[in-house]
2 protein chains.
Amino acid sequence: MSRAAYQVRPPITRTPLRSEVRRLLLGEIVRGDLAPSEGINEAELSTRLGVSRTPLREAMLGLTQEGFLTATPGRGFSVRALRRSDAEEIYPILWTLEGAALRASWPLPPSRVRQLDQANRRLEEALAEASVALARDREWHALLLAGCPNRMLLSMIENLKDHAARYEEAFMRNSGQVITSVTQHREIQTAIRRGDLERALALLEKNWRVSLDFLGPWLEATASS
Amino acid sequence: MSRAAYQVRPPITRTPLRSEVRRLLLGEIVRGDLAPSEGINEAELSTRLGVSRTPLREAMLGLTQEGFLTATPGRGFSVRALRRSDAEEIYPILWTLEGAALRASWPLPPSRVRQLDQANRRLEEALAEASVALARDREWHALLLAGCPNRMLLSMIENLKDHAARYEEAFMRNSGQVITSVTQHREIQTAIRRGDLERALALLEKNWRVSLDFLGPWLEATASS
DNA sequence: TCAGAGCATTTTGTATACAAAATACGAAAC
DNA sequence: GTTTCGTATTTTGTATACAAAATGCTCTGA
């Protein structure tokens, strides 16, 4: 067997520290464990994570580029505050791109509709626990776009959903309310079953818009803007 | 005057090296000076740029995240090859987002239409020189979205246009052909003047699709895929 | 009491150092 | 002549070092 065959797919996965650190930090940001208080102390955080400043900074620069952190020259990084203005930018991009992805996945195979229905039932069972519900909701949306061949589009959507998750997680934690989508998902499934793409798109947009309509006033009230 | 007033906007602009390096590298990649040959040697490139490996790597990680470079663990960075499959992912996202941005800018003020007309004339004058024409074309599109309040959307569009510019630059350099948009721009301007958003959107999509239709077969032929 | 200047300390941004992995090279075996 | 193994060299990924800038603190003068 030639050596080239191995080069195609390395046998073991070598994960750079920066990726692990990125995953950890993003998780903490989304869950609100790393709050947008003052600035982030690199030395402190790097020792807490058990790595040097180099991979930490690499990870933080990445998160900055994605909009989870802000970097001020000479003053380092800080978690980006939750702002109504930001939410009002993020959500429209999200429903636009998810709509485009659904269009690119059309028509959905019947098996997909069954999977969506199952996922929606699992979501329904998890409504009591906010963070679980959020994860199940996300699974439903991921399933919706599972057939989309545009990888770049999907990765952009994933990034935006991380942002949305941060906002919704904070909202649920802070207000105690749970944003529920079960009924809307069912309506979307019905539209899909009927082959009515335009209606599915409109409902999908409405689905996100409902979340945004919860967030807006709440963000205005807490006013971390 | 309190000190806080100065903190709001630092008097002088401190630009980190990584940003400068990023700008330089992106320029070289878009213009094709940094070709997707073998891997990038960090030591070599850092001495050529006169900086250490640290800011260079920071810049390259950023460009990787944006899709201009690819990073293989243990084997470093290389310029991402031009692929038909990638172009077919990039352009649809671009016209989707630019459409959304135009929608968000609607209705355009009459002054904007005049500016667009001027920009289009400047484009017409520059058709002889490919790279200048590309820059003018880009100015026209920037003007089109000048009224869009969604900053995040605009920055995503800018990033995608850098990708598109790389493909079109390579196409023009390699094939000698110039993709011309003057007529299409005029049609879009007419639709805008008539207040026909839907038609403007359709024409905008067509505008990008024409570029993609030039690129596809050419990419297939050169087959760097 | 409080504002502001000057110095000490911390923190960032960049450069360098170092270990491990990848590549290149060459000799030996077939 | 080709392949394979072992070693030398290069290159990356991460850690550490260092200079400059930012921050905090103390003391002074009103």
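That block above? That's the structure.
Residues numbered from 1 in each chain as written. Chains lettered and ligands numbered in written order. Predicted model: local features only at pLDDT ≥ 70, side-chain atom pairs only at ≥ 80, totals over all residues.

## Notes on the overall build of chain A
1) Next: Across its full length, chain A holds 10 helices and two strands.
2) Next: In sequence order, chain A lays out its α and β elements as α-α-α-α-β-β-α-α-α-α-α-α.
3) Next: When the 225 residues of chain A are sorted by exposure, 32% land in the buried category.
4) Next: A fraction of 73% describes how many contacts in chain A between residues 6 or more apart in sequence connect residues 24 or more apart. (Helix = DSSP H or I, 4+ residues; strand = E, 2+ residues; numbered from the N terminus. Buried ≥ 20, exposed ≤ 12 C-beta atoms within 10 Å, placed from the backbone. Contact = placed C-beta atoms within 7 Å.)

## So, the protein's contact with DNA strand D
1) Next: If you check the shell around DNA strand D, you find 21 residues, and the closest are Leu 17, Ser 52, Thr 54 and Gly 74 of chain A together with Gly 76 of chain B.
2) Next: Elements that contribute at least two residues to the surface near DNA strand D include exactly α2 (17–31) and α4 (53–65) of chain A together with α3 (42–49) of chain B.
3) Next: The greatest single-element share of the surface near DNA strand D, amounting to three residues, is contributed by α4 of chain A.
4) Next: Residue classes in the surface near DNA strand D are distributed as seven nonpolar, eight polar and six charged. (Near = placed C-beta within 6 Å. Nonpolar A, V, L, I, M, F, W, Y, C, P; charged D, E, K, R; others polar.)

## A short note on the nonpolar core
1) Next: Leu 94 and Leu 97 of chain A together with Leu 94 and Leu 97 of chain B are the most contacted members of the largest nonpolar core, which has 72 residues in total.
2) Next: Those residues within four positions of Leu 97 of chain B in sequence are excluded, and the remaining contacts are Thr 96 of chain A together with Leu 153, Met 156, Ile 157 and Leu 160 of chain B.
3) Next: Of all hydrophobic cores here, the second largest spans 28 residues; its members include Val 21 and Phe 77 of chain A together with Leu 61 and Phe 68 of chain B. (Core = buried A, V, L, I, M, F, W, Y, C linked by C-beta atoms within 7 Å.)

## What to know about the packing of helix α6 (residues 110–125) of chain A against helix α9 (residues 182–193) of chain A
Residue and element names in this part refer to chain A.
1) Next: Direction vectors running N to C along α6 and α9 enclose 170 degrees, while the axes themselves pass 10 Å from each other. Viewed along their axes, α6 and α9 adopt a mutual orientation that is roughly antiparallel. Packed against α6, whose contacting residues are Val 113, Leu 116, Asp 117, Asn 120, Leu 123 and Glu 124, the element α9 presents Val 182, His 185, Arg 186, Gln 189, Ile 192 and Arg 193 at the interface.
2) Next: Grouping the amino acids of the contact of α6 with α9 by side-chain chemistry returns five nonpolar, three polar and four charged. (Axes fitted to C-alpha atoms, helices over the stretch in contact; angles between N-to-C directions. Parallel < 35°, antiparallel > 145°, perpendicular 65-115°, else oblique.)

## So, the relation of the copies chain A and chain B
1) Next: Superposing chain A onto chain B takes a rotation of 180 degrees plus a shift of 0.0 Å along the axis, which leaves an RMSD of 0.0 Å. On this basis, the relationship between the two copies can be described by a two-fold rotation axis.
2) Next: Of all interface residues in chain A, 100% are interface residues in chain B too; the two copies therefore contact each other through one and the same surface. (Least-squares fit on C-alpha atoms with pLDDT ≥ 70 in both.)

## With respect to the pairing of strand β2 (residues 76–79) of chain A
All names here are of chain A.
1) Next: Judged from the four bridges that link them, strand β1 (residues 69–72) and β2 form a sheet pairing that is antiparallel. By the bridge assignment, Leu 69 is partnered in β2 with Val 79.
2) Next: In this structure, the hairpin formed by β1 and β2 is closed by a connection of three residues, where Gly 74 is found at a positive phi of approximately 85 degrees. (Pairing = 2+ DSSP bridges.)

## Digging into the environment of Arg 136 of chain A
Residue and element names in this part refer to chain A.
1) Next: Residue position: Arg 136 is located in helix α7 (residues 130–144).
2) Next: Its 21 C-beta neighbours within 10 Å are what place Arg 136 among the buried residues.
3) Next: Taking the C-alpha atoms as reference points, Arg 136 and Leu 153, separated by 17 residues in sequence, lie 21 Å from one another.
4) Next: Beyond its immediate stretch of four places on either side in the chain, Arg 136 contacts Ala 119, Arg 122, Leu 123 and Ala 126.

## Concerning helix α10 (residues 197–222) of chain B
1) Next: When the terminal C-alpha atoms of α10 of chain B are compared, their 38 Å separation across 26 residues agrees well with the 38 Å that a helix rising 1.5 Å per residue should span.
2) Next: All of the buried residues along α10 of chain B are Ala 200, Leu 204, Asn 207, Trp 208, Ser 211, Leu 212, Leu 215 and Leu 219 of chain B. (Expected span 1.5 Å × (residues − 1).)

## What to know about the interface of chain A and chain B
1) Next: Contacts between the two partners involve 20 residues from chain A, matched on the other side by 20 residues from chain B.
2) Next: At the level of elements, α4, α5 (84–105) and α8 (151–175) of chain A are the ones that each hand at least two residues to the side of chain A that touches chain B.
3) Next: No other element matches the seven residues that α5 of chain A contributes to the side of chain A that touches chain B.

## Considerations on unusual backbone geometry
1) Next: With omega at -5 degrees, the peptide bond leading from Trp 106 of chain A into Pro 107 of chain A counts as cis.
2) Next: Its place among the elements puts Pro 107 of chain A in the loop between α5 and α6.

## Examining the packing of α5 of chain A against α8 of chain A
Residue and element names in this part refer to chain A.
1) Next: At a minimum axis separation of 9 Å, α5 and α8 run at an interaxial angle of 145 degrees. The element α5 and its partner α8 pack so that their crossing is left-handed. Contacts from Ala 87, Ile 90, Tyr 91, Ile 93, Leu 94, Leu 97, Glu 98, Ala 100 and Ala 101 in α5 reach Leu 153, Leu 154, Met 156, Ile 157, Leu 160, Lys 161, His 163, Ala 164 and Tyr 167 in α8.
2) Next: The residue inventory of the contact of α5 with α8, partitioned by class, reads 15 nonpolar, one polar and two charged. (Left-handed = near helix turned anticlockwise from the far one by under 90°.)

## Notes on the protein's contact with DNA strand C
1) Next: Taken together, 21 residues surround DNA strand C, and among them Gly 76 of chain A together with Leu 17, Ser 52, Thr 54 and Gly 74 of chain B come closest.
2) Next: For the surface near DNA strand C, the elements supplying multiple residues, two or more each, are α3 (42–49) of chain A together with α2 (17–31) and α4 (53–65) of chain B.
3) Next: For the surface near DNA strand C, the leading source of residues is α4 of chain B, giving three residues.
4) Next: Looking at the surface near DNA strand C, its residues break down into seven nonpolar, eight polar and six charged.

Structural measurements only, silent on function.
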